[in-house]
Amino acid sequence: MAALLPTVCSVPKAAIFLSSSPRSRQVHLGSGPARRHPARPVRATIMAEEAAGDCGTKLSAWTSVRQECWEGDLAVEGHLPAWLVLPLFENGTYLRNGPGLWDVGDRAFHHLFDGYATLVRVSFREGRATGAHRQIESDAYVSAREHGRPVLREFSQCPKPGSLLDRVSNAVGILTGAVLSDNPNSAVLPLGDGRVLCLAETTKSSVLIDPVTLCAIGKFRFADSLGGVIQSAHPIVTESELLTVLPDLARPGHLVVRMEAGSNERKVIGRVDCRGGPTPGWMHSFAVTENYVVVPEMPLRYSASSLIKSELAPFYVFEWFPASGSYMHVMCRSTGKTVASVELPPFMAIHFINAYEEKREDGQAAAVIVDCCEHYGNPAIIETLRVGVGRFRIPLDGSPFGELETALDPEEHGRGMDMCSINPAYLGREYRYAYGCGARRPCNFPNTIAKIDLVEKTAKSWHEEGAVPSEPFFVARPGATDEDDGVVMSIVSAVDGDGYVLVLDATTFQEIARARFPYGLPYGFHGCWIPEKI
């Protein structure tokens with residue numbers, strides 16, 4: 001793949017750097033000139049800019065990345081914790097995935113989810129911080145550069161078949177996944193065996209990357225016959241396994257599968273049949289507890305006709321079927337048996353935060369509690385942010401209905417909340433704190449970072465005028481016993497076009513440091529922490 005795109009990665013022109021700027025070095029990947037992307041706003045940001053009002057619109061957050069790759073030292077302001085940067089402590093690397101290129105040729109993409117994946121790395125070691133970013137050379141990215149337009153189907157980009165033969169070929173390509181994008185712009189995850197995986201919602205988007213160079217090592221090849229062209233963009237990964245959900249478009253339902261660390265073989269835990277229809281609900285993410293997998297079934301459902309006809313549905317590749325019902329299914333992780341399936345008020349949730357089991361006095365599970373970024377049963381969230389923290393209660397006594405309530409007053413976090421993370425040690429367990437991106441009005445796109453206290457039902461916020469932060473990520477202090485003992489990191493696009501890694505004390509939620517990139521980076525999605533030992 002690299003042979004198709006010869007590049008030399010270089011740093012920006014010297015004029016960009018001030019005397020306090022970090023040191024940078026040229027990284028040679030091949031022959032030919034360095035490719036830079038014009039820093040112009042793209043249509044992917046129209047809704048965000050219109051909603052943002054005076055909250056800062058012409059930021060690097062809403063433009064394509066300046067060049068395909070860069071690497072260098074980051075200038076640090078403030079004081080990074082000793083345990084984060086000094087030798088003999090648990091140093092490591094923060095990786096963030098997300099869209100970095102929102103236009104190709106003379107075509108600008110419409111939606112944030114269309115952007116071609118750019119990985120960002122921030123490493124802490126030997127008393128300093130270093131950074132890098134690199135475009136992931138997926139087949140979708142390579143073909144789009146060659147043809148000057150998207151060739152494979154993206155989230156809101158749908159190449160039109162030119163003839164009847166093209167339509168037949170497209171229908172076959174949907175079944176095999178051949179015409180779907182492999183753009184892995186959503187998540188980046190460390191597998192239990194040390195490999196690092198980038199992926200999005202198509203199975204073919206799964207790619208292994210080198211967490212140091214950020215180069216793609218190769219496609220992740222599943223060693224099983226399960227097939228399937230769509231997967232959850234947010235598998236649950238632990239040291240021992242990966243759990244994910246595969247939507248079944250032919251027989252509406254979901255396969256819950258497990259892959260052991262060190263293996264490429266997915267094994268079926270069980271299957272959940274959809275109670276509504278005509279197709280499965282959107283499966284961007286799901287939740288787990290210590291003993292259960294929680295599979296959501298939303299009325300925002302995959303559009304079979306959109307896929308087969310290669311036409312955009314009312315919501316890109318989805319249709320809204322409120323009459324089809326909203327449900328939550330709870331599957332036992334050890335047996336694969338569905339132990340609860342409840343009906344709920346209409347809901348729309350892209351990201352689930354965490355889940356845990358509510359215990360009876362005898363220690364047995366009475367219900368499953370599931371928290372999510374809930375969009376008030378409104379699919380328009382795909383275009384604009386109107387989000388609160390929703391809490392589901394799913395009884396395990398055979399009751400046909402579950403409960404959905406607002407976990408805390410939306411005014412606490414600015415009437416907007418998404419891109420949440422938690423202390424990973426509390427995955428599937430009862431917990432107290434979540435960290436997410438909020439929206440301080442009148443801005444209608446993330447412009448704050450919030451620490452949510454789900455016990456006291458309060459929130460603390462960080463805000464800088466005109467800045468756009470991305471998903472906050474929690475890193476625990478080595479040896480910590482308190483849930484919020486650590487730091488929270490977020491890559492921020494500043495109002496002046498700069499960009500930096502913000503580091504907050506997770507307990508006080510006060511800024512303790514920022515490490516500056518030589519220029520601002522596009523808005524990103526999700527990240528992970530790679531300990532030095534990996």
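Predicted model, so just to flag it, every value in this text is computed and none were measured. (Residues numbered from 1 in each chain as written. Predicted model: local features only at pLDDT ≥ 70, side-chain atom pairs only at ≥ 80, totals over all residues. Heavy atoms only, no water.)

Draft legend 1. Spotlight on the overall build of the chain. Helix and strand counts for the chain come out as five helices and 38 strands. Considering the chain as a whole, with its 534 residues, one finds that 59% of them fall into the buried category. Entry remark: accessible area of the chain is about 20,900 Å², with carbon and sulfur atoms responsible for 53%. (Helix = DSSP H or I, 4+ residues; strand = E, 2+ residues; numbered from the N terminus. Buried < 20%, exposed > 50% of the residue type's maximum accessible area, 1.4 Å probe, protein only. Areas by Shrake-Rupley, 256 points an atom, 1.4 Å probe, with all protein chains shown as cover.)

Draft legend 2. Main features of the pairing of strand S20 (residues 292–297). Of all six residues making up S20, six are buried, and the element is well covered by its neighbours. Side-chain alternation along S20 places Tyr 292, Val 294 and Pro 296 on one buried face and Val 293, Val 295 and Glu 297 on a second face that is also buried. Here two bridges tie strand S19 (residues 287–288) to S20, and the two strands are oriented antiparallel to one another. Looking across to S20, one finds that Val 288 is bridged to Val 293. Here S19 hands over to S20 after three residues, the two strands then running antiparallel side by side. Pairing of S20 with strand S23 (residues 326–332), which is carried by six bridges, proceeds in the antiparallel orientation. Within S23, the residue paired with Pro 296 across the bridge is Met 328. (Pairing = 2+ DSSP bridges.)

Draft legend 3. Quick peek at the sheet that holds strand S12 (residues 196–199). Strands sit in the order S11-S12-S13-S14 across an open sheet of four strands; the sheet is antiparallel. Here the strands that pair on one side only, and so sit at the sheet edges, are strand S11 (187–190) and strand S14 (216–219). Taking each pair of neighbouring strands and ignoring which way they run, the sheet shows an average axis angle of 30°. Across four bridges, S11 lies against S12 in antiparallel orientation. (Axes fitted to C-alpha atoms, helices over the stretch in contact; angles between N-to-C directions.)

Draft legend 4. Spatial organisation of the sheet that holds strand S26 (residues 365–374). Judged by pairing direction, the sheet is antiparallel, and its four strands sit side by side in the order S25-S26-S27-S28 without closing on themselves. Here the strands that pair on one side only, and so sit at the sheet edges, are strand S25 (349–359) and strand S28 (403–406). Averaged over neighbouring strand pairs, the angle between their axes works out to 25° when direction is ignored. Relative to strand S27 (residues 388–395), S26 runs antiparallel, the two being bridged by eight bridges. Considered in S27, the bridge of Asp 371 is made with Arg 391.

Draft legend 5. Fine view of the environment of Pro 190. Of note, Pro 190 is situated in strand S11. Once residues lying within four places of it in the same chain are set aside, the contact partners of Pro 190 are Arg 195, Val 196, Val 237, Cys 528, Trp 529 and Ile 530. (Contact = heavy atoms within 4.5 Å.)

Draft legend 6. Region of interest: the nonpolar core. One finds Trp 282, Met 328, Phe 352, Val 370, Phe 392 and Ile 394 to be the most contacted residues of the largest nonpolar core, which totals 45 residues. Each residue touching Phe 392, except ones within four places of it in the same chain, is listed here: Met 328, Leu 344, Phe 347, Phe 352, Val 368, Ile 369, Val 370, Cys 372, Glu 403 and Leu 404. Counting 25 residues, the second largest nonpolar core, distinct from the first, contains Leu 74, Trp 83, Ala 515 and Trp 529. (Core = buried A, V, L, I, M, F, W, Y, C linked by side-chain atoms within 4.5 Å.)

Draft legend 7. Here's a closer look at the pattern of salt bridges. In the structure shown here, the tally under the stated rule is 21 salt bridges. A salt bridge links Asp 371 to Arg 391; the nearest nitrogen and oxygen atoms lie 2.7 Å apart. Of this pair, Asp 371 sits in strand S26 while Arg 391 sits in strand S27; the two residues are 20 residues apart in sequence, bridging distant segments of the chain. Comparing Asp 371 with Arg 391 shows no difference in burial state: the two are buried. As a salt-bridge pair, Arg 514 and Glu 464 come within 2.8 Å of each other at their nearest N and O atoms. You can see Arg 514 sitting in strand S37 (residues 511–516) and its partner Glu 464 sitting in the loop between strand S32 (458–463) and strand S33 (468–469), a full 50 residues away along the chain. A relative accessible area of 25% means that Glu 464 is categorised as partly exposed. One connected set of salt bridges, linked through shared partners, spans Glu 241, Arg 258 and Arg 333. (Salt bridge = Lys/Arg side-chain N within 4 Å of Asp/Glu carboxyl O.)

Draft legend 8. Fine view of helix H3 (residues 139–147). Taken together, the buried positions of H3 are Ala 140, Tyr 141, Val 142, Ser 143 and Ala 144. Contacts from the buried residues of H3 go to strand S6 (99–101), strand S7 (103–104), strand S9 (116–125) and strand S10 (128–135). Just downstream of H3 lies Gly 148, where phi reads positive at about 75°.

Draft legend 9. Quick peek at the side chain of Asn 91. Mapped onto the secondary structure, Asn 91 falls in the loop between helix H2 (82–85) and strand S5 (92–96). Within the local environment of Asn 91, its side chain forms a polar contact with the backbone oxygen of Leu 84, the two atoms lying 3.2 Å apart. With sequence-adjacent residues up to four places away left out, Asn 91 is seen in contact with Trp 83, Leu 84, Val 85, Leu 86, Phe 124, Arg 125, Glu 126, Trp 529, Pro 531 and Glu 532. (Polar contact = N/O pair within 3.5 Å; in protein donor to acceptor, adjacent residues only side chain to side chain.)

Draft legend 10. Focus on the packing of aromatic side chains. Within this structure, the stated rule accounts for 13 aromatic pairs. Plain terms: the ring middles of Tyr 356 and Tyr 431 are 6.3 Å apart, the flat faces sit at 80° to each other, and that makes the pair edge-to-face. Of this pair, Tyr 356 sits in strand S25 while Tyr 431 sits in the loop between strand S29 (417–421) and strand S30 (433–438); the two residues are 75 residues apart in sequence, bridging distant segments of the chain. Under the relative-accessibility criterion, Tyr 356 is labelled buried at 10%. Exposure remark for Tyr 431: the relative accessible area of 6% places this residue in the buried category. Ring geometry for Tyr 523 against Phe 525: centres 6.4 Å apart, planes inclined by 80°, an arrangement best described as edge-to-face. Note on Tyr 523: relative accessible area 4%, which makes it buried. Counting every residue linked through ring pairs, the aromatic cluster contains Phe 113, Tyr 523 and Phe 525. (Phe/Tyr/Trp six-rings, centres within 6.5 Å; stacked < 30°, edge-to-face > 60°.)

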